[in-house]
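Structural characterization, general
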Amino acid sequence: MKTLNYIFVVFALFTMVSCDLEEMPVDTATNQAIFESVGGLELYSNSFYDILPNTDVGVLQRDDLSDLVARNGVDDFLAPNALSPITSGGWEWKDLRNINYFIENAGKSSVVNKNHFVGVARFFRALFYFEKVKRFGDVPWVDQTIAIDNDAVLYAKRDDRFVVMEKVLADLDYAIEHIELATDASATRITKNVARAYKTRICLYEASFRKYHIDYNKQSTAQQWYREVVKEANAITGFVLHRSSDIEKSYRELFIAKTPFVDETLLAVVLNANLQVFSSANRRFISPTYGNRPSLTRDFVKMYLNADGSRFTDDPSYKTKPFVDEVKSRDLRLKQTIRSGNYARTENGVPVVSAPNFTQTYTGYQPIKWCYDERFPYDDESRNDNAHIIMRWGEILLNKAEALAELGELTPTEWNNTIAALRERAGIPTAAARQLPTVADPYLLNYYKGRFTDPVLLEVVRERAVEMIFEGLRTDDLIRWKLGELFQTSAMNGIYVPGLGEHDLNGDGKKDVYFYQGQKPTSSTAGIAFVNVSPSSAVGQLQLSNGTSGEVLWNPGERKWEDRKYLYPIPQNAKDRNNNLGQNKGWE
């Protein structure tokens, strides 16, 4: 469990704290006690769990950078001239040294089931290298504890990313074969099924990267990676899509539960109020001053289907539907992801119907997916103790569906078991959910710049976006599909506003927001949010697309995409230590 890692401070005695490859763990008198007992092997292997998403940000903020989220400011990744070899980071290797040291010593152990623990270590090595390859492309493959005089390794060139990924695959396969724990009732341990699940995620990324990044000329090898996704997804057993007695809660309650729902959750970070281990989920999504203040965009909200399974964007009037109408009769995940309708927050134990709050949201599409409904103390303090889901069955179904669609093998039966199952959980009638599309959605065709033209694959891509929002996958999706331009060109747009003045956003008869230009007006409505949409090109200013009406437009600042950003630059301080590393294309 991630929370247990706070107890394992003892591992500072056995692992390195430096970030330089030339430093190595030092054997101690306790070496034998660690590697010659099951308890010692287990204790040491628990230190690897710190590689998983941390307990504060977790996975919930990774999508802030993506095309689907309007946020405060522009990340250095997209800000013009902000990313460079000088500012680049992520070239840390102490986790790898810790893992390799364990693998070497555990391999010599006389403990009968030592290969189980080696399997766990190799799983984490695969995860470590996957993250490094995504970020930097070619990286040095190191599978040994490096001696201080081993210049051949310390000052070697980087290895080809495609070769490294084959080694990642080998590590995953070893982990799947040797990890003894099939499932875990707490959903916090690395099991055989977790290794399989991660393999579907990693192989899907690699398959797409090889298919769509044609400059590497690896398209012919993509198919085998898609097949690995399908094979491993089929091997995972014991999980279903979580369903509540109330269908309007089935989706969201996954993300606000203190204890993971293990019917769907394979791996989670469990927080603990008694140990003072919390996250800042409410503050990051709700506070007007803390974090990125992420809000969903209207272009994304348009992707949600209607409740009957039809496409929202097929309605000729969809572009001018005000918020109160556009959120009605939609895929139930929408109302479980953002404030709308009769959504209520609790203040001092009393439920209060709460419309989107424009003192907190930029677009009007205000997230609730990871947030407690209780205001105190969660909005003002980092006190969230709801579990962070890292891997769940819903993603496995999407990974499998995408791989099958890319292979041209998404049969009606497989569609029903994957995409239709997710849509039925979201309230879409069975007959509509199980209808395979035959015509590509014009809206999605245009949004994705013609990258996907197959009607079935387009619907898989739609489903992946709405099902997995704020679960940390969207940025990687754009990278692997080679759709980096969406980081820059995606509209930071919000709700449609018919005109200036007061508006009731949730249909409860109370005005919630006052859009105005010029001098701030007065209103008799208590608690109303005033939003100045006076003409301006200033960063941090909201506008209406048609001047005094139209979509809310948020200006976070200039975003600039360059294809060289598909890979980060090798940090200059790493190059200074080893000039043989070279530099990624475009960053020389």
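The model shown is predicted, which means the values in this text are computed figures rather than measured ones. (Residues numbered from 1 in each chain as written. Predicted model: local features only at pLDDT ≥ 70, side-chain atom pairs only at ≥ 80, totals over all residues. Heavy atoms only, no water.)

**Topic: the sheet that holds strand S7 (residues 493-497)**
On the basis of which strands lie adjacent, the open sheet formed by 3 strands has the order S7-S12-S11 and antiparallel pairing. Two strands bound the open sheet, and with one partner strand each, they are S7 and strand S11 (542-544). Averaged over all pairs of adjacent strands, the angle between their axes in this sheet comes to 25 degrees, without regard to strand direction. (Pairing = 2+ DSSP bridges. Helix = DSSP H or I, 4+ residues; strand = E, 2+ residues; numbered from the N terminus. Axes fitted to C-alpha atoms, helices over the stretch in contact; angles between N-to-C directions.)

**So, the pattern of salt bridges**
Summed over all chains, the structure comprises 49 salt bridges. For Lys134, the salt bridge identified is with Asp476, shortest N-O distance 2.6 Å. Residue Lys134 is located in helix H4 (residues 114-136), and its partner Asp476 is located in helix H19 (residues 474-480); the two are separated by 342 residues in the primary sequence. (Salt bridge = Lys/Arg side-chain N within 4 Å of Asp/Glu carboxyl O.)

**Section: the pairing of strand S5 (residues 350-353)**
Pairing geometry for strand S4 (residues 344-347) and S5, over 4 bridges, is antiparallel. In the strand pairing of S5, Ala344 is matched with Val353. Between S4 and S5, which pair antiparallel in sequence order, lie 2 residues; one of them, Asn348, sits at a positive phi of approximately 55 degrees.

**Here's the deal with the nonpolar core**
As a rule of thumb, nonpolar side chains are buried together in soluble globular proteins. The biggest cluster of nonpolar side chains holds 167 residues, and the ones touching the most others in it are Phe124, Tyr129, Met303 and Tyr448. If one sorts the elements of this core by residue count, H4 sits on top with 13 residues. Excluding residues within four positions of it along the chain, Tyr448 makes contact with Met303, Leu458, Val461, Ala465, Arg474, Trp481, Leu483 and Leu486. (Core = buried A, V, L, I, M, F, W, Y, C linked by side-chain atoms within 4.5 Å. Buried < 20%, exposed > 50% of the residue type's maximum accessible area, 1.4 Å probe, protein only. Contact = heavy atoms within 4.5 Å.)

**A closer look at the sheet that holds strand S8 (residues 501-503)**
In space, the 3 strands of this open sheet follow the order S8-S9-S10, with mixed pairing throughout. Unpaired on one side and paired on the other, S8 and strand S10 (529-532) mark the two borders of the sheet. Adjacent strand axes in the sheet meet at a mean angle of 25 degrees when their direction is disregarded.

**Observations regarding the packing of helix H8 (residues 222-235) against helix H13 (residues 393-407)**
Running from N to C, H8 and H13 cross one another at 140 degrees; their axes reach a closest spacing of 9 Å. Taken together, the axis directions place H8 and H13 in an arrangement best described as oblique. For the pair H8 and H13, the sense of crossing is left-handed. Facing H8, whose interface residues are Gln223, Tyr226, Arg227, Val229, Val230, Ala233 and Asn234, H13 presents Trp393, Ile396, Asn399, Lys400, Ala403, Leu404, Glu406 and Leu407. (Parallel < 35°, antiparallel > 145°, perpendicular 65-115°, else oblique. Left-handed = near helix turned anticlockwise from the far one by under 90°.)

**Comments concerning the confidence of the model for the chain**
One rule of thumb: low pLDDT means the predicted coordinates there are not for detailed reading. In the predicted model, the chain carries a mean pLDDT of 93, and the fraction of residues at 70 or more is 94%. Low confidence marks residues 1-19, where pLDDT is under 50. Its contacts with residues over four positions away, or in another chain, come to 53 contacts. Contacts from residues 21-26, a stretch scored under 50 in pLDDT, to residues over four places away or in other chains number 22 contacts. (pLDDT = per-residue confidence, 0-100.)

**Examining the UniProt feature "domain: RagB/SusD" (unreviewed entry) in the chain**
Using the residue numbers shown here, the UniProt feature "domain: RagB/SusD" (unreviewed entry) corresponds to residues 295-587. Taken end to end, residues 295-587 comprises 28% helix and 13% strand; its first and last C-alpha atoms sit 32 Å apart. (UniProt positions renumbered as here; feature names shortened; annotations may be inferred.)

**Section: the pairing of S10**
By the alternation rule, side chains of S10 split into Ala529 and Val531, which are all buried, and Phe530 and Asn532, of which none is buried. Sheet topology note: the strand S9 (residues 513-516)/S10 ladder contains 4 bridges and is parallel. Counted as the bridge partner of Tyr516 is Asn532 from S10.

**Examining helix H2 (residues 38-45)**
Residues of H2 that are buried include every one of Gly40, Leu41, Tyr44 and Ser45, and no others. Buried residues of H2, viewed axially, fall in a sector of 125 degrees; they line one side. Looking at the buried residues of H2, the elements they touch are helix H1 (31-35), helix H3 (94-107) and H4. (Arc of directions from axis to C-beta.)

**Considerations on helix H18 (residues 455-468)**
For H18, with 14 residues, the first-to-last C-alpha span of 20 Å sits near the 20 Å given by 1.5 Å per residue. Burial analysis of H18 places 14 of its 14 residues in the buried class, which makes it a mostly covered element. Two or three places before Val456, at the opening of H18, Asp454 has a side-chain oxygen 3.2 Å from that residue's backbone nitrogen. Phi turns positive one or two residues past the end of H18, at Phe470, with a value near 65 degrees. (Expected span 1.5 Å × (residues − 1). Polar contact = N/O pair within 3.5 Å; in protein donor to acceptor, adjacent residues only side chain to side chain.)

**Remarks on the environment of Ala405**
One can find Ala405 in helix H13. In this structure the C-alpha to C-alpha distance between Ala405 and Glu206, which are 199 residues apart in sequence, comes to 16 Å.

**Focus on the packing of aromatic side chains**
Enumeration over the complete set of coordinates arrives at 42 aromatic pairs. With centroids separated by 5.7 Å and ring planes inclined at 85 degrees, the aromatic side chains of Phe77 and Phe487 adopt a geometry described as edge-to-face. On the criterion of sequence distance, the pair formed by Phe77 in the loop between strand S1 (69-70) and H3 and Phe487 in helix H20 (residues 485-489) is long-range, its members being 410 residues apart. The same class applies to Phe77 and to Phe487, which are both buried. Members of the aromatic cluster, connected to one another through ring pairs, are Phe35, Tyr44, Phe48, Tyr49, Tyr101, Phe102, Phe123, Phe124 and Tyr198. Positioned above the aromatic ring of Tyr362, the side-chain terminus of Arg293 is 4.2 Å from the ring centre. Between Arg330 and the ring centre of Phe312, over which it is positioned, the NZ or CZ distance is 3.8 Å. (Phe/Tyr/Trp six-rings, centres within 6.5 Å; stacked < 30°, edge-to-face > 60°. Lys NZ or Arg CZ within 6 Å of the ring centre and 35° of its normal.)

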